[in-house]
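Geometric and topological summary
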Amino acid sequence: LANVQSGVFYPLNVLFIFLPFEISWSVLILLEPLLASVFIFAYLRNLKLDKYSSFFGAIIFSFSGFFTTWLEWGTILHVGLWLPLILFSIDKIRFNIKDNRQIFIWSIILIFSTVSSFFAGHLQIFFYLSLVGAIYVILRIWQSRNKKLAGIFFITWLITLMVVSIQLVPALKFILLSARDLDQILWQKDGWFIPWQHLVQFISPDFFGNPTTLNYWGVWNYGELTPYIGILPLILVFYAMLFRKDKKTLFFGSIFFTSLIFSLPTPIAKLPFLLGIPFISTAQPTRLLFLVDFSLSVLAALGLNYLIKSGKWKEIISPVVAVGILFIVLLGFSLMGKELGIKIEDLEIAKRNLILPLSTFAGAVLLIFLFFRINEKHKQYLMLALILLTIFDLFRFSWKFNTFSKKEYLFPSTLSIDFLKKNTGEFRIATSDPRILPPNFSSVYKIQSVEGYDPLFVQRYAEFVSAINRNKADINPPFGFNRIVRIDNFSSPLVDLLGVKYVLSLSDLRDPRFTKVFEENQTKIYENTKVVPRTFFAEQTLTVVSKQETIGKMFESGFDPGFTAYLEDEVDNANIGKGTAQITSYKDNEVTIETNNDKEGFLVLTDSFYPSWHAKIDSSSEVKI
């Protein structure tokens, strides 16, 4: 529950209760562009845009670069898609301030959409969304000068906070116990901000290739650096910002420029990381592309709306020329890049992937100038042609990156998986190569693993695994996991304490503790003959004063991980006895252990400690962990 990305309370996750996993997942993913387009269409209509412009903006937002590259994650976009409905609800409350029934209805919708966005499971995108929503509310209150409106928004905010607190409170507790602020990628590294050269992806998304076609040669990673909204929409964005003189354009233009400035390696964008501002300094700024693409989709719709109404064909020339110049620069680079040390094969990829954007640009220019030449009676056909061109542009881009797979490929059962499910029990597994079983995949099969991929993981566990990998009592950050906790050093006896019974490998393990017990094609499964039981009675307990002393003792020669327990607290072990202990039930939220001991004993459970766990002996009152 503390891990927000699990989306426990997200309303649409109810699908998984009633439908098979593969159907629920597919529906959940397909709902992202569908709901986003419906919500932003309603919002753009609310801004007094015509139906063509509103539909145009809806297509751009729901198939933009950000939506395309994050589509299959199932959390980030489900957070972001609620933003237009939130803004729509705010406007509805403001413009119906004298109608209490409408205020009540739209306040409920505002609360529901904000709560759903939080529960969808990505704090960073929710933070950006909340920031825009808060600014929007302040501006609407300032415009109306109405105290009642301020009171309504304060009450909706308070109710929202109360509802989300059921997950927010444990999440904040988890964050404070995690290694989130200690083990980040160095923000000076390429790809943390959007590299300047990747701005070319505004007009040619695959200039640096595409990971789906296995020819990507840009900075890591494609999904973080693609702001593409289409060629025609980009022309109309320039058009709107140059010639529309209204508050809507100013507001969304400000969001665009602010978000872009903070996502690029500019001096002002580096300030939060230099100052170590909590939360912001742990968030990768490339995710600001959500706000970049959202604001651009609105601006493009505003541009099309202005194009329809203005009828001033000379104004469109300058944005067309600006985009044309950008294409000329890219063409020149792709032809002369060899002189700058770029590989010939990479330049060939760039040139090949410029053909379609250039063709789309030519088509857009032709349709725009035809739009001003034909009579009013036939303009609606040109409008449809402009929209269809953008649909083709964005759909081709999206379908290239996101592919469909056969159902049989979704978590298939293999002989190795069957072996592990049958023999692992309450023990854990590990892999020497992540290609065998990528992090988190084992959870689908209910096989426990010492590895995992998540932005949040308990700091003490990170320190322990880091010491194992370093093969010394060093628990100082950074740990170098980059959100993927893995064990690289299987020779350490502390691996035995983690309950690793099986290691999956593509190469032979030379350690005598490991015996090969199964093989399937290239995958070899080794059994750890020295694995420590998941629960046991320690025959000796020793008190230490700090976590550093704890890890130091565990690295001393002669340490027996199944015999001695080092405790960072005083425990009376005068009458300690060696009994037997066996796990009889291991569930997500409850572990039942059957013990037999003729004396008092100190029982060890080799799970990661977390403060919200509670322990009872039989049905007695709670005992100390």
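Residues numbered from 1 in each chain as written. Predicted model: local features only at pLDDT ≥ 70, side-chain atom pairs only at ≥ 80, totals over all residues. Heavy atoms only, no water.

Focus: the pairing of strand E9 (residues 540-543)
For E9 and strand E10 (residues 564-567), the ladder comprises four bridges, and the chain directions are parallel. Paired with Thr541 across the two strands is Ala565, which belongs to E10. Where the polypeptide runs from E9 across helix H22 (residues 547-554) and back to E10, its parallel neighbour, the crossover connection is right-handed. (Pairing = 2+ DSSP bridges. Helix = DSSP H or I, 4+ residues; strand = E, 2+ residues; numbered from the N terminus. Right-handed = clockwise from strand over helix to strand, strands pointing away.)

Let's talk about the packing of helix H6 (residues 83-95) against helix H13 (residues 289-310)
Packing of H6 against H13 leaves a shortest axis separation of 12 Å and a crossing angle of 55°. The angle between H6 and H13 falls in the class oblique. Along its contact with H6, which presents Leu83, Pro84 and Leu87, the element H13 presents Phe290, Leu291 and Phe294. The residue inventory of the contact of H6 with H13, partitioned by class, reads six nonpolar, no polar and no charged. (Axes fitted to C-alpha atoms, helices over the stretch in contact; angles between N-to-C directions. Parallel < 35°, antiparallel > 145°, perpendicular 65-115°, else oblique. Contact = heavy atoms within 4.5 Å. Nonpolar A, V, L, I, M, F, W, Y, C, P; charged D, E, K, R; others polar.)

Things to note about the sheet that holds strand E2 (residues 448-449)
Note on sheets: strands pair through backbone hydrogen bonds, and any given pair is parallel or antiparallel. The strand order across the open sheet formed by five strands is E2-E1-E5-E7-E6, and the pairing between neighbours is mixed. One side of each edge strand has no neighbouring strand; the edge strands of this open sheet are E2 and strand E6 (514-520). Note: strand E5 (residues 500-505) against strand E7 (residues 523-528), four bridges, orientation antiparallel. Looking at E7, one finds that Leu504 is bridged to Ile525. Across the sheet, helix H18 (residues 415-423) touches strand E1 (428-431), E5, E6 and E7, and the angle it forms with E6 is around 135°.

A word on the side chain of Glu315
Within the secondary structure, Glu315 sits in the loop between H13 and helix H14 (317-336). Look at Glu315 and you get buried, because its relative accessible area is 15%. (Buried < 20%, exposed > 50% of the residue type's maximum accessible area, 1.4 Å probe, protein only.)

Regarding the environment of Tyr216
Structurally, Tyr216 is set in the loop between helix H9 (147-177) and helix H10 (231-243). Leaving out residues up to four positions away in the same chain, Tyr216 has contacts with His198, Phe208, Gly209, Asn210, Pro211, Asn221, Tyr222 and Leu225. In terms of polar contacts, Tyr216 uses its side chain to reach the backbone carbonyl oxygen of Val219, at 2.6 Å. (Polar contact = N/O pair within 3.5 Å; in protein donor to acceptor, adjacent residues only side chain to side chain.)

Shape descriptors only; they carry no functional weight alone.
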